[in-house]
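Given next are the chains, with one letter for each unit.
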Amino acid sequence: MFAAEDFAEFYREHRRTVWRFVRRRVDDESACDDICAEVFELAYRKLDPSHPNPAGWLILTATHIIQANSRRRRREFQAFRDHAVLHTSADWQDPRLEQLAEAWQRLPHRHQQVLQLLIWDQLSAADAAVVLRCSEQSVWKRASRARQALRDVWPTETDDTAEGGRSWDTIPTP
């Protein structure tokens, strides 16, 4: 960990390098300043003062922060888009979608969560397992139970168990 006076010198020595790197990759100057501040805050807490390549460490850290911010913005955009799609009323809207929305609201949160991760967010079962803090096998079990719960509250004309499934089942099985 840095001593305060040592870190001040370290900051003066590397701030331009980091700022230029970030500024070339981020359009918003205010966001650039925030990212640089986060980089140096992490450096103060985590970087060993005797690190052989501190500029490389700072640039790598800035890269990770830029990527994380990009992923966050993408997720926010997708959430806004999904919200708009689900809450748009249109004359052409299929009445089955309204039935599905009502059925969805009746599902327990745990079922909604696993289906959202696998279908809407298109995560793999392994990634969903990380989010849900369980095993991949548990994700498959939860998905199976959630699909059955949805079938129970929203039967459709294509639900033919004699044929081995439903046409809307899009979650692959292991």
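If you're wondering where the values come from, they're calculated on a predicted model, not measured in any experiment.

A. Representation of the environment of Val22 in the model. In this fold, Val22 is placed in helix H1 (residues 4-25). Separated by 14 residues in sequence, Val22 and Cys36 place their C-alpha atoms 7.3 Å apart. Setting aside chain neighbours within four positions, we find Val22 in contact with Cys32, Ile35, Cys36, Ala62 and Ile66.

B. Structural view of the state of the cysteines. For the coordinates displayed, the defined rule picks out zero disulfides. Free of any disulfide, Cys32 has its nearest cysteine sulfur in Cys36, 4.4 Å distant. Classification of Cys32 as buried rests on a relative accessible area of 0%. A relative accessible area of 8% means that Cys36 is categorised as buried.

C. Representation of the pattern of salt bridges within the structure. Under the definition given, this model contains three salt bridges. For Glu9, the salt bridge is made with Arg12, and the minimal N-O distance between the two is 3.3 Å. Linking Glu9 with Arg12, this pair stays in helix H1, spanning three residues, or about one helical turn. Of the residues examined, Arg12 reaches a relative accessible area of 48% and is grouped as partly exposed. Two residues, Arg72 and Glu76, come together in a salt bridge whose shortest N-O distance is 3.2 Å. Here Arg72 pairs with Glu76, and both are found in helix H3 (residues 54-86), just four residues apart, close to one helical turn.

Criteria and cut-off values
- Residues numbered from 1 in each chain as written.
- Predicted model: local features only at pLDDT ≥ 70, side-chain atom pairs only at ≥ 80, totals over all residues.
- Heavy atoms only, no water.
- Helix = DSSP H or I, 4+ residues; strand = E, 2+ residues; numbered from the N terminus.
- Contact = heavy atoms within 4.5 Å.
- Disulfide = S-S within 2.5 Å.
- Buried < 20%, exposed > 50% of the residue type's maximum accessible area, 1.4 Å probe, protein only.
- Salt bridge = Lys/Arg side-chain N within 4 Å of Asp/Glu carboxyl O.

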